[in-house]
Structure formats: structure tokens, C-alpha cells
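Residue-level structure breakdown
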Amino acid sequence: MEQWTADELRRIDASAELRVASERPDGSLRPATTIWHSALGDALYIRSAHGPENGWFRRALHAGRGRISAGGVEKDVTFELADPSVRVELDRALHQKYDRYGPAPIAAITGGDVLETTLKVTPRADAKPRG
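Since this is a predicted model, take the numbers as computed values, not measurements.

We now examine helix H4 (residues 103-110). Turning to H4, its buried residues number three or more, namely Ile106, Ile109 and Thr110. Take H4 and look down its axis: the buried residues cluster within an arc of 95 degrees, on one side only. The secondary structure elements touched by the buried residues of H4 are strand E4 (43-47) and helix H3 (87-98).

With that settled, consider the packing of aromatic side chains. By the definition in use, this model includes 4 aromatic pairs. Plain terms: the ring middles of Trp36 and Tyr98 are 4.0 Å apart, the flat faces sit at 5 degrees to each other, and that makes the pair stacked. Remark: Tyr98 occurs in helix H3 and Trp36 occurs in the loop between strand E2 (33-35) and strand E3 (37-40); sequence separation between them is 62 residues. With respect to class, Trp36 is no different from Tyr98; both count as buried. Each ring, one from Trp56 and one from Phe57, has its centre 5.9 Å from the other, and the planes form 85 degrees; the classification is edge-to-face. This pair shows no difference in class: Trp56 is buried, exactly as Phe57 is. One aromatic cluster is present, formed by Trp36, Tyr98 and Tyr101 through successive ring pairs.

The next subject is the side chain of Ser15. Checked against the element boundaries, Ser15 lands in the loop between helix H1 (6-14) and strand E1 (18-22). Here Ser15 falls in the buried class, since its relative accessible area comes to 16%. A distance of 2.7 Å separates a polar atom in the side chain of Ser15 from the backbone oxygen of Glu17. Setting aside residues up to four positions removed in sequence, Ser15 forms contacts with His37, Ala70, Gly71, Lys97 and Tyr98.

On to the environment of Glu2. Checked against the element boundaries, Glu2 lands in the segment before H1. Note: C-alpha distance between Glu2 and Arg67 (65 residues apart in sequence) is 14 Å. Of the polar contacts made by the side chain of Glu2, one reaches the side chain of Lys75; its length is 3.4 Å.

Let us now look at the nonpolar core. Membership of the largest hydrophobic core comes to 19 residues, with the highest contact counts inside it found for Trp4, Leu18, Ile46, Ile68 and Phe79. The set of elements that each furnish at least two residues to this core consists of H1, E1, E4, helix H2 (55-63), strand E5 (65-70), strand E6 (73-81) and strand E7 (118-123). Sequence-distant contacts of Leu18, defined by excluding residues within four places in its chain, comprise Ile12, Thr33, Thr34, Ile35, His37, Leu44, Ile46, Ile68, Ser69 and Ala70.

The rules we used
- Residues numbered from 1 in each chain as written.
- Predicted model: local features only at pLDDT ≥ 70, side-chain atom pairs only at ≥ 80, totals over all residues.
- Heavy atoms only, no water.
- Buried < 20%, exposed > 50% of the residue type's maximum accessible area, 1.4 Å probe, protein only.
- Helix = DSSP H or I, 4+ residues; strand = E, 2+ residues; numbered from the N terminus.
- Arc of directions from axis to C-beta.
- Contact = heavy atoms within 4.5 Å.
- Phe/Tyr/Trp six-rings, centres within 6.5 Å; stacked < 30°, edge-to-face > 60°.
- Polar contact = N/O pair within 3.5 Å; in protein donor to acceptor, adjacent residues only side chain to side chain.
- Core = buried A, V, L, I, M, F, W, Y, C linked by side-chain atoms within 4.5 Å.

Right under this line is the structure:
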């Protein structure tokens, strides 16, 4: 399994927004959606702000593969449900990063049902150049 470099995670995390696109069955990418995110340790996490029925989230979880871009970093990635143990630390990181936008937006990604919409994003070792 490939890992993020420290520089990639720093650049991604320093960015306020991340663009995420899941793969279609034929390997092409769906249109990207802009979302919030945070890095914890050596991992990157994303959450659906509108629950598990949000279209980008359902497609990413179903496909398990896609592409992200933020902070000048573009990577083919895998998506998997996050381990529940990251909940408290990830909520804290998201609050620190996004509280400046007010209570309603941050509540959408730190509310009661967020564990079922938290994805761990990992670089893909088998990524091929896109052209």
C-alpha cells in the first residue's frame, strides 16, 4: 500500500478545500466535488456534509477508487470507511480548521452521524498516468 509523503499531506491539509472524484466502472472519473478534509498523522480523511445519501459520498464508497486534488497535489486514491477510533481527534482537527466559517457549516461534518460518512483516503500504488 502506498503512503502519503509528509510534503503531500502538509500541502493537502493546508488547503481549505479538496476536490474529490470517484471512478466510474469503466475507469473514467466522475465530475469532481469540492469538500472539506483533514489530515491526521499520516492519513487523510474526508466526510460527507449531508449524510450517507450525499451523491459524491455514495459513489466514492461504492467505487472505492477515485482521484483527489488539493494544495497542488493530485493523486489517484482509494476510499474506505474510517476506523471509528479517529472520531474525536478528527472532529477536533476539523473544528480547528473550519470553525471560522460558523457553527452551521462545521456542524454538518462533526454532528452525530459522521462516523458513517468518514472516509480514509489513501494513495493508490497501481495508479496510471491520466491523459
